[in-house]
Each structure stands twice: as structure tokens, then as C-alpha cells.
Amino acid sequence: MKGNILVVDDEQIVLKSCERILSPEGYGVDTATSAKEALSLLDKNFYDLVITDIKMPEMDGIEFMKQARQKNPDINIIVITGYPSQESIKEALRLRIIDYLPKPFSPTHLLEVTANAIELKKRGIIPEPQVENYTEEVAVKLDAVIDRYRHKPGSLIPVLQEAQELVGYLPPVVQRHIAGGLKIPVSEVHGVVSFYSFFTMKPKGKHNIRVCLGTACYVKGAEEIVKKFSDGLKLEVGGITSDKKFSLETVRCLGACGLAPVVVIDKDTHGSINPVKTLDLLKEFE
Ligand code: FES
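Remember, it's a predicted structure, so these values are computed and weren't measured experimentally.

> Explain the packing of aromatic side chains to me, using residue names and the numbers behind them.
Two numbers describe a pair of aromatic rings. These are the distance of the centres and the angle of the planes. In total, this model carries 3 aromatic pairs according to the counting rule given. Both rings, one in Phe246 and one in Phe285, keep their centres 6.0 Å apart while their planes meet at 75 degrees; by these two values the pair is edge-to-face. Taken together, the residues Phe246 in strand S7 (residues 246-251) and Phe285 in the segment after strand S9 (268-270) connect sequence positions 39 residues apart. For the pair formed by Phe246 and Phe285, the shared burial category is buried. In this arrangement the basic side chain of Lys152 is found over the ring face of Tyr149, its NZ or CZ atom lying 5.3 Å from the centre.

If you want it as C-alpha cells, here you go:
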């Protein structure tokens, strides 16, 4: 089975459609016509994904999501909404949803967002309870960036660049925020973030050190440089010092092979680095 899914909607026709589309594709599907019924199913069963309507009588989808998260903070949620107002979507995004489906949705769209949500869960990209640097204030600034680019073609990359400047990195919650704002699937945002090496999903230190391990740099001792930084700062590659001052990463060819071995600290490129004097590069940050 591809995954266990709980669909919650007060309209039987929506439940039946989801079941008819998802079951033949290999998903196990349970349905609930109310938030209350869904919460009791969550007590009894494990679900890889919950797909829920926002507008429901008695308890709406937002309150349902809050209670579902109390039961399982890592649960993956997609919301269905017939009224995709900015406010309801923003509220839902704050509750760390994976994606949303505006009604009426096509079978292809449902299958696409479902497959993406299950894939993100498999890769361990699950909604996080708290994200460093992603405050309410930053979220408002990000909304302004999205508004500025919303109707421009090719807006995704510049929005991601500004988002990375604002937050420092692009965790899944920021990717979902951007996908919701630009009205594109989260999978598209995630695809671009993973493709380009200048986008990062991990937080960085105040000063980010990148050591090139491309062939030209490698043969001139780049591995020794990595070790010097790693030992001197007591951090692993991909890590960040406890005072958050430095982070260390390795990259493949920075396009400056003539200067090998090459280290880039923040935006400054340092060439022909002597591995013995590697740590001298950090003196200016003391
Ligand atoms: S291999 Fe290091 S810059 Fe090209």
C-alpha cells in the first residue's frame, strides 16, 4: 500500500470522489463526515496523511487541525477549501499544512498533491513545530515579497532568493508558505530548492564557510582544509557552531579552479589557500 489516508469532509460526494480516485492508485482510504469522527479515527489508526475540508459545521477544519496536531504533532495535512481566501490559507499554512486543494479539484491534482505529501513524509520532511528565524514578523515580510512578484512570470526563483535572505534558509514551512502565496504546488517549490546549490534547507551560521572539494581543489589539499576548519571550530561538515557564528559546508567546484584550493566565506572568495594557514582566514571575525 502506498500510504494510509484519512479524508474529512461534511460532503459525502467529496469523500466518495477522493476514495474513488485514491483507492485504485494503491492508497488505503478512510473517510469521516465530521471533525469529531475524524479525531476518534486518529485515536485508533495511524495515517500517513490527512486531507481535510476547512469549512465544516460544528468544528471547522482549522480547529480540527489544531486538535489533530495535539494528538500527533508530525501529522501531514492537506486542506480542501471551496473558499481559498488569503486569510484561511494563511491560517492553515501557520498550522503547517503540506498543501491545499481548491474545490473543485481534478483527479490529477488530488493525486499529485497526495503523492507529493507522502513522498515528503518518506524523505523525513515533516512539518516542524518551530522554525528558527521564521517569526510572525518575518512571515509578514515574506507575504510582501510574494505580493510584489505574484503576477510576474518566473517569480519563484526571486521569491526564494528574498525568502532565503529573510529567513537565512528555506525550511519546508517557508517552502509551503511560498507555494501557497504563489498558488503553485509545494513539489514545484521543493524541486527548485533542491536543484540549485545556492538554496539551502539548513540554517547557517552568521558566517558560512564553503570549501570546494571539486577535482582541482581536492588534488591541492582541500580535504585538509576541511579538516582544519572542522577541528578548529569543533563542528562537522553541514553543522553550525554552538554560538551560531560559523557553519561549514563543502561544495563541488566554485568555478575558480585556477585559484585552487578555494574557500568562500560569506560572499568573499579566497584562493590558493595554504592548508596550514587555513584558520587565519577566520581572524577577521574574531
Ligand atoms: S574545483 Fe574548486 S573551484 Fe573548481
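> How would you sum up the environment of Leu233? Please name residues and give values.
Structurally, Leu233 is set in helix H11 (residues 222-233). With a relative accessible area of 18%, Leu233 lands in the buried category. Taking the C-alpha atoms as reference points, Leu233 and Leu279, 46 residues apart in sequence, are found 9.0 Å from one another. Excluding anything up to four places from it in sequence, Leu233 contacts Ile209, Thr241, Phe246 and Leu282.

> So what's going on with the layout of surface pockets? Residues and values would help.
Its boundaries defined by the atoms lining it, the largest pocket holds a volume of some 830 Å³. Along the walls of the largest pocket sit 28 residues, with Gln164, Phe198, Thr200, Lys204 and Asn208 positioned nearest its centre. Taken together, the elements giving at least two residues each to the lining of the largest pocket come down to helix H7 (156-167), strand S6 (207-212) and S7. For the lining of the largest pocket, the element with the highest residue contribution is S7, accounting for 5 residues.

> I'd love a proper account of the sheet that holds strand S1 (residues 3-8), names of residues and values included.
In space, the 5 strands of this open sheet follow the order S2-S1-S3-S4-S5, with parallel pairing throughout. Across the chains shown, the open sheet's two edge strands, defined by having one partner strand only, are strand S2 (27-32) and strand S5 (99-102). Within the sheet, the average angular offset between the axes of one strand and its neighbour, ignoring direction, is 20 degrees. Two strands pair when backbone bridges link them, and S1 and strand S3 (residues 49-53) are joined in this way by 4 bridges, in the parallel orientation. Paired with Ile5 across the strands is Leu49, a residue of S3.

> Kindly report on the packing of helix H2 (residues 35-44) against helix H3 (residues 61-71), identifying the contributing residues and their values.
Two numbers describe how H2 lies on H3: the axes approach to 10 Å, and their chain directions differ by 10 degrees. The orientation of H2 with respect to H3, classified from their angle, is roughly parallel. Residues Ala35, Ala38, Leu39, Leu42 and Asp43 of H2 touch H3, and the partners they reach there are Phe64, Gln67, Ala68 and Lys71. Class assignment for the residues of the contact of H2 with H3 results in 6 nonpolar, 1 polar and 2 charged.

> A description of the sheet that holds S7 should follow, citing residues and the corresponding values.
One open sheet accounts for 4 strands, arranged S7-S6-S8-S9; its pairing is mixed. Lying at the two open borders of the sheet, with one neighbouring strand each, are S7 and S9. Between one strand axis and the next, the sheet turns by 20 degrees as a mean value, whatever way the strands run. Where S6 and S7 come together, 6 bridges link them in parallel fashion. Bridge pairing in S7 places Asn208 opposite Ser247.

> Describe in detail helix H6 (residues 136-149), supporting the description with residues and values.
For H6, which comprises 14 residues, the first-to-last C-alpha distance of 20 Å matches the rise-based estimate of 20 Å (1.5 Å per residue) to within 8%. Looking at H6, one finds that the buried residues are Val138, Ala139, Leu142, Asp143, Val145, Ile146 and Tyr149. Within H6, the buried residues cover an arc of 165 degrees as seen down the axis, which keeps them to one side. Facing away from the buried side of H6 by over 90 degrees, the exposed positions are Glu137 and Val140.

> Tell me about the pattern of salt bridges, and name the residues and values.
According to the stated counting rule, one finds 8 salt bridges in the structure shown. Its salt-bridge partner being Asp43, residue Lys71 comes within 2.9 Å of it at the nearest N-O pair. Remark: Asp43 occurs in helix H2 and Lys71 occurs in helix H3; sequence separation between them is 28 residues. Since its relative accessible area comes to 41%, Lys71 is described here as partly exposed. Its salt-bridge partner being Asp280, residue Lys283 comes within 3.6 Å of it at the nearest N-O pair. Owing to a relative accessible area of 51%, Lys283 belongs among the exposed residues under this scheme. Judged by relative accessible area, Asp280 falls into the partly exposed class, the value being 39%.

> Tell me about the nonpolar core, and name the residues and values.
Membership of the largest hydrophobic core comes to 25 residues, with the highest contact counts inside it found for Tyr134, Leu142, Leu156, Leu160, Val174 and Ile178. Breaking this core down by element, the ones donating at least two residues are H6, H7, helix H8 (172-182) and helix H9 (186-195). When residues of this core are assigned to their parent elements, the largest contribution, 6 residues, is made by H6. Contacts of Tyr134, omitting those with residues within four sequence positions, involve Ala139, Leu142, Val167, Val173, Val174 and His177. Residues Leu213, Val226, Ile265 and Leu282 belong to the second largest nonpolar core, which totals 23 residues.

About the criteria used
Residues numbered from 1 in each chain as written. Predicted model: local features only at pLDDT ≥ 70, side-chain atom pairs only at ≥ 80, totals over all residues. Heavy atoms only, no water. Phe/Tyr/Trp six-rings, centres within 6.5 Å; stacked < 30°, edge-to-face > 60°. Helix = DSSP H or I, 4+ residues; strand = E, 2+ residues; numbered from the N terminus. Buried < 20%, exposed > 50% of the residue type's maximum accessible area, 1.4 Å probe, protein only. Lys NZ or Arg CZ within 6 Å of the ring centre and 35° of its normal. Contact = heavy atoms within 4.5 Å. 1 Å grid on protein atoms, 1.4 Å probe; cavity = no way out; pocket = protein on both sides within 12 Å on 5 of 7 lines; lining within 4 Å. Points joined across faces, edges and corners; volume = space filled by probe spheres on them. Pairing = 2+ DSSP bridges. Axes fitted to C-alpha atoms, helices over the stretch in contact; angles between N-to-C directions. Parallel < 35°, antiparallel > 145°, perpendicular 65-115°, else oblique. Nonpolar A, V, L, I, M, F, W, Y, C, P; charged D, E, K, R; others polar. Expected span 1.5 Å × (residues − 1). Arc of directions from axis to C-beta. Salt bridge = Lys/Arg side-chain N within 4 Å of Asp/Glu carboxyl O. Core = buried A, V, L, I, M, F, W, Y, C linked by side-chain atoms within 4.5 Å.

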